[in-house]
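Residue strings, one per chain:
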Amino acid sequence: AQGRLSRFSRLDFKAMDERQLRQIFQRAVAAQYETAIRRMAPEILARESNAFPELQLAAHQSLARLEDDLEQAQMHLAAANELARRLQRPPSERDLEISARIAGRRGSRMPIGGGRL
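Residues numbered from 1 in each chain as written. Predicted model: local features only at pLDDT ≥ 70, side-chain atom pairs only at ≥ 80, totals over all residues. Heavy atoms only, no water.

Q: Please set out the overall build of the protein chain residue by residue, giving values where relevant.
A: A count of helical and extended segments in the protein chain gives six helices and zero strands. Listed by position from the N terminus, the elements making up the protein chain come as α-α-α-α-α-α. Burial analysis of the protein chain (117 residues in total) assigns 35% to the buried set. Excluding contacts between residues fewer than 6 apart, the proportion of contacts in the protein chain whose partners are at least 24 apart in sequence is 61%. Total accessible area on the protein chain stands at roughly 7700 Å², and carbon and sulfur atoms take up 49% of it. (Helix = DSSP H or I, 4+ residues; strand = E, 2+ residues; numbered from the N terminus. Buried < 20%, exposed > 50% of the residue type's maximum accessible area, 1.4 Å probe, protein only. Contact = heavy atoms within 4.5 Å. Areas by Shrake-Rupley, 256 points an atom, 1.4 Å probe, with all protein chains shown as cover.)

In C-alpha cells, the structure reads:
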C-alpha cells in the first residue's frame, strides 16, 4: 500500500478534471495520506467553477483538521460550515471533532469558563 501512496507525489493535480481530482482526493483521505491532502486541497479550493461543492467541503474540513495554525484552521472550519449550510447539510460528527480539536489547541489561551457561548 505504501508504494501506491508514493505515487501521489508524482500526480499533476492541476491537469486533472474535477471527477479525477475527487476520486484521488477521496483515496488520499481514506488512506489518511496527509501530504497528498495538503497538496490537493488548495487545488480543489482554487477552482472557481467547482462542479462538486461536496469536494470543496471535504477539502476545507481536511485542512481545518490538519492545519497547525489555529487561525487558518478556524478559517477553513468557517468556510466548511458555510458550504454545509448552502448544501443544506447538518453539522457532521467530523465538524464537531474539528471544532473540539481547534478548541483543544487553544489550551491555556482560552479564558476560564470557555469564553463566550
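Anyway, onward from the coordinates.
Q: Which residues make up the packing of helix α2 (residues 18-30) against helix α3 (residues 34-46), and what values go with them?
A: The N-to-C vectors of α2 and α3 enclose an angle of 145 degrees; their axes lie 10 Å apart at closest approach. Where α2 crosses over α3, the two elements pack in a sense that is left-handed. Every residue of α3 that contacts α2 at Leu21, Ile24, Phe25, Ala28 and Val29 is listed here: Ala36, Ile37, Met40, Ala41, Glu43 and Ile44. Among the residues making up the contact of α2 with α3, the classes are represented as 10 nonpolar, no polar and one charged. (Axes fitted to C-alpha atoms, helices over the stretch in contact; angles between N-to-C directions. Left-handed = near helix turned anticlockwise from the far one by under 90°. Nonpolar A, V, L, I, M, F, W, Y, C, P; charged D, E, K, R; others polar.)

Q: Outline α2, supporting the account with residue identities and numerical values.
A: The terminal C-alpha atoms of α2, which comprises 13 residues, lie 18 Å apart, in line with the 18 Å expected from a rise of 1.5 Å per residue. Along α2, the residues classified as buried are Glu18, Leu21, Ile24, Phe25 and Ala28. Angularly, the buried residues of α2 cover 130 degrees about the axis, an arc narrow enough to put them on a single face. Contact partners of the buried residues in α2: α3 and α4 (53-66). The residue sitting at the N-terminus of α2 and contributing the capping side-chain oxygen is Asp17; that oxygen lies 3.1 Å from the backbone nitrogen of Arg19. Just downstream of α2, Gln32 is the residue with a positive phi angle, here 55 degrees. (Expected span 1.5 Å × (residues − 1). Arc of directions from axis to C-beta. Polar contact = N/O pair within 3.5 Å; in protein donor to acceptor, adjacent residues only side chain to side chain.)

Q: Before we move on, could you go through the pattern of salt bridges and cite the residues and values that matter?
A: Counted by the stated rule, this structure contains five salt bridges. Glu82 is the salt-bridge partner of Arg85, the closest N and O atoms lying 3.5 Å from each other. With Arg85 and Glu82 both in helix α5 (residues 70-86) and three residues apart, the pair spans about one turn of that helix. When its relative accessible area of 55% is taken as the criterion, Arg85 is described as exposed. One network of salt bridges, in which partners are shared, links Lys14, Glu43 and Arg47. (Salt bridge = Lys/Arg side-chain N within 4 Å of Asp/Glu carboxyl O.)

Q: Before we move on, can you summarise α5 with the specific residues and values?
A: An α-helical turn contains 3.6 residues, so any two residues separated by three or four positions project in the same direction. The end-to-end C-alpha separation of α5 is 24 Å, in line with the 24 Å expected for 17 residues at 1.5 Å each. Taken together, the buried positions of α5 are Leu70, Ala73, His76, Leu77, Ala80, Leu83 and Ala84. Across the axial projection of α5, the buried residues extend over an arc of 150 degrees, all falling on one side. Looking at α5, the residues exposed on the side facing more than 90 degrees away from the buried face are Glu71, Arg85 and Arg86. A distance of 3.0 Å separates the backbone nitrogen of Glu71 from a side-chain oxygen at the start of α5, and that oxygen is part of Asp69. Among the residues trailing α5, Gln88 stands out with phi positive, at a value near 55 degrees.

By themselves, these observations are geometric and do not establish any function.
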